[in-house]
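# Coordinate inspection notes
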Amino acid sequence: MLHIKVAYLKSYLFYQDEEILNAWLTDLGFECYFTLFISAGYDLPTISRMTPEDLTAIGIQKPNHRKRLKMEISKLDIHDGLPDFIPVS
């Protein structure tokens, strides 16, 4: 029973992320790329770590669109849950 609730919650949060992602892309005039982000499995936390190469890999072919998206991504204040520092080994 608990697994069903956790799965439901994760699914609910993913759909909230999808709506926010779609609204953000629409505000930028790039709503046409929404399905590329979703099909590649990106959500808001993982977008914060995207590189221009990642944008190319998901199918964004226009260099000026990749540049603008990367600039706008860098403005987002989204924590991805990964630590910022790398421990010395």
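Residues numbered from 1 in each chain as written. Predicted model: local features only at pLDDT ≥ 70, side-chain atom pairs only at ≥ 80, totals over all residues. Heavy atoms only, no water.

## Some thoughts on the overall build of the chain
Counting secondary structure elements, the chain contains 5 helices and 0 strands. Going from the N terminus to the C terminus, the chain shows its helices and strands as α-α-α-α-α. Within the chain, the proportion of its 89 residues that are buried is 25%. The long-range share in the chain, meaning contacts at least 24 apart out of those at least 6 apart in sequence, stands at 49%. Of the accessible surface of the chain, which amounts to about 6,600 Å², a share of 61% is contributed by carbon and sulfur atoms. (Helix = DSSP H or I, 4+ residues; strand = E, 2+ residues; numbered from the N terminus. Buried < 20%, exposed > 50% of the residue type's maximum accessible area, 1.4 Å probe, protein only. Contact = heavy atoms within 4.5 Å. Areas by Shrake-Rupley, 256 points an atom, 1.4 Å probe, with all protein chains shown as cover.)

## Some remarks on the side chain of H65
Within the secondary structure, H65 is located in helix 5 (residues 63–75). Here Y33 takes part through its side chain, which lies 2.6 Å from a polar atom of the side chain of H65. Ignoring anything within four residues of it in the chain, the contact list for H65 reads F30, Y33 and I60. (Polar contact = N/O pair within 3.5 Å; in protein donor to acceptor, adjacent residues only side chain to side chain.)

## Considerations on the packing of aromatic side chains
Enumeration according to the criterion identifies 2 aromatic pairs in this entry. A ring pair is formed by F30 and Y33, whose centres lie 5.7 Å apart and whose planes are at 40°; its orientation type is tilted. Assigned by exposure class, F30 and Y33 land together as buried. (Phe/Tyr/Trp six-rings, centres within 6.5 Å; stacked < 30°, edge-to-face > 60°.)

## Digging into the environment of I47
As for its placement among the helices and strands, I47 is situated in helix 3 (residues 44–47). Residue classification places I47 among the buried positions, given a relative accessible area of 0%. Apart from the residues within four sequence positions on either side, I47 is in contact with L21, F37, Y42, I73 and L76.

## Details of the pattern of salt bridges
For the structure on display, the rule yields 2 salt bridges. Between E72 and K75 there is a salt bridge, and its shortest N-O distance comes to 3.5 Å. On the criterion of helical spacing, the pair formed by E72 and K75 is a turn pair, its members being 3 residues apart in helix 5. Three or more residues joined by partner-sharing salt bridges are found here, namely R68, E72 and K75. (Salt bridge = Lys/Arg side-chain N within 4 Å of Asp/Glu carboxyl O.)

## With respect to the nonpolar core
Among the nonpolar cores identified, the biggest contains 17 residues, and L21, L25, F37, M50 and L69 are the most heavily contacted of them. Going through the elements one at a time, helix 1 (2–28), helix 2 (34–39), helix 3 and helix 5 are the ones with two or more residues in this core. Per-element tally for this core: the top contributor is helix 1, with 4 residues. The contact partners of L69, leaving out residues within four places of it in the chain, are W24, L25, L28, F30, Y33, F37, L55 and I60. (Core = buried A, V, L, I, M, F, W, Y, C linked by side-chain atoms within 4.5 Å.)

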